[in-house]
Structures are given as structure tokens and as C-alpha cells.
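Fold and geometry: a report
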Amino acid sequence: MPELPEVETIKRDLESKVKKRLIKSINIFEGSERLFIKKDINFFSTALIGNKIDCLSRHGKYLIFSISNKKYLIVHLRMTGSISINPSNSPMASYEKIRFNFDNNFSMSLMDIRKFATIDIYSNLVNFNQRIGPDSISHDFNPAFLKSKLVARKSSIKSALLDQSIAAGVGNIYADEACWDAGINPLQKAFLLNDDEINRLCASIKNVLFESINNRGTTINNYKDLLGNSGYHQTKVAVYGRVDKKCLRCSQKIIKTRVVGRSTFYCSKCQEL
DNA sequence: ACTATGCCCTGGGTGC
DNA sequence: TGCACCCAGGGCATAG
């Protein structure tokens, strides 16, 4: 499931393949109806066909293609979405939902088993940037910002970290990893964190995200890069999915519970409530 | 205003 | 071997 490091890996690999490419045509495959946030597929096609991709960026888990006509194509891969680059005459891939054919006889394809992925066209990013908080590896995501968001937050810190208006790009795996790294119990009420804990948590979030980027992301279930390869960070994961195994710091058994409907893993000894 | 819950979706795994 | 169930979780709609 692509979170920030996985989307960042895709973005870095994809950038040189799509930058300055002209979109000649688009193929839309069966079962792609849910992909389009705005149901008008004609609007989608006319906004893109004949235009170039100026550059590619990422905000949280969203991929943002800046188009030469000043519009933005925004892609979210959700749970099982993936992207690949292939010659335009390649046969349709399994679960392929949409294909963008470029002017160099290559194409960018979006595949998705579970049909949760979304694509959308924006005329500007004002609303988007208001809805999503600062990217978790940016300078704007810092202890002062985090404190401002947690001070009145009655829910658990895990719930707060999954809120994309707080920690954009953090998902279930890295929320647990960051809490473990910082020695904070994911069930702790967010507003109870003191300054020292917020400083540690902020640093830990960045640490686990940067480390995973260096390892090309974490492949637990579905994530694959542009070439269909897994990441390497799953071998470095400290708590996620390690129920009943020994904590890497204190050898206590890792506990599994559920927080806001998500599997949550922590060490009861070094992440005391 | 804030927070919690259910839903979407399908392949893979498990237990009988 | 087959079948029925359960689980994975991001973001949104809805309820409280």
C-alpha cells in the first residue's frame, strides 16, 4: 500500500519518463468508472490530450502532474494502485485502468486491483493544499506545526498521524514505525504529548520516511515500483506486522491491537502509556 | 466543531 | 479439493 516513501520512489523513477512528454491519446479500460472523481470522462480527456507534462511532484500520497495548460492531474494509488511505463503497442496489462500515450511511442499505465485509486483534474491547487497538510518530509512539517495540531486533539496520536491534514503522507505502517522510534504509545491521547515527545515524534516521522525512501519503500502486500519490483524497507520494519515477535530494543513481545479500524503494533515496554 | 464508524473493492490466506 | 469466511486500509460520507 503506497504511503509517502513508496509514492516518492515512484515519482523519482517516473519523472524523467514523463517530463516534457506530450499526451497524444488516452485509453480508458473497462472497470475504470470509479477512478474518475469527476464523472465526466470527456472533460478529463479534453483537459489532457494535446498538452505536455511540465513536471511531476508529490504531496503526501498524491502524485501531481503539472500540465502545460496550467491544469493539474492528481493521482492517488490508494491500496493497490500501481504505475508502469511501456511501449505504446504493449498489450493491456492485468487490471490496467487507464493508459496515457505519449509522443515518443511510450505510455504510462495505471493499474489497480481493488479500484480504490483515483485521478482528478484541478485548475489550481489552492483547495487541495488547504485540505492536505504540509508534506511530512518538508520543513513546514515541524514540531511547532505538529504541536498546533495536537494541542486540542482528543483522539489517539495514531489517529492524529493518519489524518492527512496533520501528517500528509503518513499511513498505517509508518505511523506505527514512527511511534515505536519515538517511544510513544500509539494509543496515547494526542493532546497529552509534551514538547519533548512532540520533538521526538516529529524527528522519528522524518527518520522513518527518509530511511524507507532510501530503501525504495516497503512492500508488505502489494506495492511495486515502475518496473514491478518490490521495495527493500520491509526487512527494516521494527513493529508493523511483528505481532508476538521480540521488540528490537527491549525483547518484549510486540502487541497487536486496532486503532480507528487499523491494525496497530507497538511494544508495551518501551512505548508505555 | 470534532470524532468515530462503515463502506468501497478483490486477492490471498485460513480453517473446516 | 472446495468452499466460506476474514483480512488488508486510504479517504470519504454519514452518524453521533
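Residues numbered from 1 in each chain as written. Chains lettered and ligands numbered in written order. Predicted model: local features only at pLDDT ≥ 70, side-chain atom pairs only at ≥ 80, totals over all residues. Heavy atoms only, no water.

1. With respect to the environment of Ser 263
Which entries qualify depends on this criterion: Helix and strand labels come from DSSP, where a helix needs a run of H or I of at least four residues and a strand needs a run of E of at least two; each type is numbered from the N terminus. Here's how the labels work: a residue is buried when its accessible area is under 20% of the maximum for its type, exposed when over 50%, partly exposed in between, all with a 1.4 Å probe on protein chains only. The contact definition used throughout considers only heavy atoms, calling two residues in contact when any of these lie within 4.5 Å.
Along the chain, Ser 263 falls in strand β10 (residues 262-267). Looking at Ser 263, the relative accessible area reads 17%, which means it is buried. As for Ser 263 and Tyr 240, which are separated by 23 residues in sequence, their C-alpha atoms are 8.6 Å apart. Those residues in contact with Ser 263 that lie beyond four places of it in its chain are Lys 158, Asn 172, Asp 176, Lys 256, Thr 257 and Arg 258.

2. Comments concerning the sheet that holds strand β1 (residues 23-28)
Our working rule: Between any two strands, at least two bridges found by DSSP are needed for them to pair. Only the stretch in contact is used when fitting a helix axis, every axis being a line fitted to C-alpha atoms; angles between N-to-C directions are given from 0 to 180 degrees.
The sheet built from four strands is open, its strands ordered β1-β6-β7-β5 with antiparallel pairing. The sheet is open, and its two borders are formed by β1 and β5 (81-87), each paired with just one other strand. Within the sheet, the average angular offset between the axes of one strand and its neighbour, ignoring direction, is 20 degrees. One ladder, built from seven bridges, connects β5 with strand β7 (residues 106-112); its direction is antiparallel. Paired with Asn 86 across the bridge in β7 is Ser 107. Seen against the sheet, helix α1 (residues 4-18) touches β5, β6 (96-102) and β7 and runs at an angle of roughly 30 degrees to β5. Along the sheet face, helix α2 (residues 41-48) touches β1 and β6 and points at about 160 degrees away from the line of β1.

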